[in-house]
Amino acid sequence: MADIVFRNVTKRYGKTLAVDDASFTVNDNEFFCFFGPPLSGKSTILRLVLGLETPDTGEILIGGKPVNTVSPAERNVAMVFQNLALFPHMSALDNVRFPLVERRVAELEIKRRVADVAAKLHIGHILHKPPAQLSGGERQRVAIARALVRDPNAYLMDDPISALDARLREETRVELKRIQRELGKTLIYVTHDQEEAMSVADRIAILEDGRIRQIGAPAEIYDRPASTYVARLLGSPMMNILRSVRGEGGVEAAEGTIRIADKAAPVDVVEIGLRPEDIKVRPWADGGSGRPARVFEVEPLGGYTVVTLAAGQARLKALLRGQPDIRPDAMVAISCESARVHYFGQSGGALAR
Ligand code: ADP
Ligand code: MG
């Protein structure tokens, strides 16, 4: 069992609160992702798990055992660093063998473990090559193999694929997810890329200035963000967030931008959030329900189109399927089903509906 538990863990560097009263449980075999902007405390959390840093207050447990005073080596947690540099003078094979040779593992056992990890990562056919003769993706997989071969309690990855180009990143993250599932090991993964977090994680913890703001499955956080901060972090284009007032029979947003008919809307609503995919856009000529909006910009992206709309006092982004016949300056009618609306209160916290 390698579940990892933080209980009210705080870590300061001088005046900086790098990790602020963090409590969470990463379950055994879970793909757990920390997501947040730069300097939000992601790497510090990993260093605390590894034992490279000690908490100022609070407790860390691995597999049920308190580890605050346990050395990094004894924790047996493997870090795949941001920089996946291989030893250039060694073949891929010797790179993968290295952590085991260093730990004086018996030769037969080394062979068995290397063969096992090579099969899982599909690198058997390139092991004889030096790193210079490998593609970026192959080097990545050899470096991951080198981390996996130790058979640790858990793996930690700190933004491991951010240096790759977009296409390779998409391939690698699918690969990582598959590998994690096959290995059946706990993986704590750090990223500053929202799409990556959504695609790989069983659960995500969202960080802001060292504080955990929300923990949940990707779909859960996307559908029920706990605050405007979280709501803005996940989703592209970003959720539209509009200042709103509760009126007769519903909510009026940004002085006439859009009206939400919802008798159950909370009275203390300050802002509403509308996901771009939830905004309905119809030609104005159709009449009927909806508020008038002027098309400001159209971005056709193939499978879908992002339309920026000027309505009332606000700009909104709507995400439409395919390539609708909409041009800049056209008048349209916009609306949103009340069930799809997110309500936020004074401090940006989500309001129950
Ligand atoms: P992230 O990985 O999310 O970018 P970090 O965990 O590296 O964030 O940093 C969190 C905060 O702690 C930042 O304000 C950063 O400047 C500070 N910090 C991190 N490491 C150190 C250190 N060794 N000395 C001083 N401040 C640090
Ligand atoms: Mg970092």
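Residues numbered from 1 in each chain as written. Chains lettered and ligands numbered in written order. Predicted model: local features only at pLDDT ≥ 70, side-chain atom pairs only at ≥ 80, totals over all residues. Heavy atoms only, no water.

**Points about the domain arrangement of the protein**
Right, on to step 1. Under the domain assignment used here, the protein contains domain 1 (4-225) and domain 2 (240-344).
Right, on to step 2. Measuring from the centre of the C-alpha atoms in domain 1 to the corresponding centre in domain 2 gives 40 Å. (Domains from an automatic or database assignment.)

**Quick look at the sheet that holds strand E16 (residues 291-300)**
Right, on to step 1. Pairing is antiparallel across the open sheet formed by 5 strands, whose spatial order is E15-E19-E16-E17-E18. Looking at strand neighbours, the two that pair on one side only are strand E15 (280-283) and strand E18 (314-321), the edges of this open sheet. Sheet twist, expressed as the mean angle between neighbouring strand axes with direction ignored, is 45 degrees.
Right, on to step 2. Alignment of strand E17 (residues 304-311) against E18, held across 8 bridges, turns out to be antiparallel. Bridge pairing links Leu309 to Leu316 in E18. (Pairing = 2+ DSSP bridges. Helix = DSSP H or I, 4+ residues; strand = E, 2+ residues; numbered from the N terminus. Axes fitted to C-alpha atoms, helices over the stretch in contact; angles between N-to-C directions.)

**Here's the deal with the pattern of salt bridges**
Right, on to step 1. Taken as a whole and judged by the stated rule, the model has 24 salt bridges.
Right, on to step 2. Residue Glu109 is joined to Arg112 by a salt bridge in which the shortest nitrogen-to-oxygen separation is 2.9 Å. Here the residue Glu109 and the residue Arg112 both occupy positions in helix H4 (residues 107-121), the gap between them amounting to 3 residues, near one helical turn.
Right, on to step 3. Between Arg294 and Asp329 there is a salt bridge, and its shortest N-O distance comes to 2.9 Å. Of this pair, Arg294 sits in strand E16 while Asp329 sits in the loop between E18 and strand E19 (331-335); the two residues are 35 residues apart in sequence, bridging distant segments of the chain.
Right, on to step 4. For Arg294, a relative accessible area of 33% gives the class partly exposed.
Right, on to step 5. Several salt bridges converge on common partners, so that one network encompasses Lys11, Arg47, Glu53 and Asp56. (Salt bridge = Lys/Arg side-chain N within 4 Å of Asp/Glu carboxyl O. Buried < 20%, exposed > 50% of the residue type's maximum accessible area, 1.4 Å probe, protein only.)

**A short note on the pairing of strand E14 (residues 271-274)**
Right, on to step 1. Here E14 shows a buried face lined by Glu271 and Gly273 and a second buried face lined by Ile272 and Leu274.
Right, on to step 2. Two elements, strand E11 (residues 240-247) and E14, share 4 bridges in a ladder whose sense is antiparallel. Paired with Asn240 across the strands is Leu274, a residue of E14.
Right, on to step 3. In this sheet, strand E20 (residues 342-344) lies alongside E14 in antiparallel orientation, the contact comprising 3 bridges.

**Description of the nonpolar core**
Right, on to step 1. Core analysis: the biggest nonpolar cluster contains 42 residues, and Val96, Leu121, Ile123, Val142, Tyr189 and Ile204 have the highest contact counts within it.
Right, on to step 2. At 6 residues, the largest contribution of residues to this core is made by helix H5 (residues 136-148).
Right, on to step 3. Setting aside anything within four residues of it in sequence, one finds Val142 in contact with Leu86, Ala92, Asn95, Val96, Ile123, Ile126 and Leu134.
Right, on to step 4. One finds Ala253, Val295, Ala314 and Ile334 within the second-largest nonpolar core, a separate group that totals 28 residues. (Core = buried A, V, L, I, M, F, W, Y, C linked by side-chain atoms within 4.5 Å. Contact = heavy atoms within 4.5 Å.)

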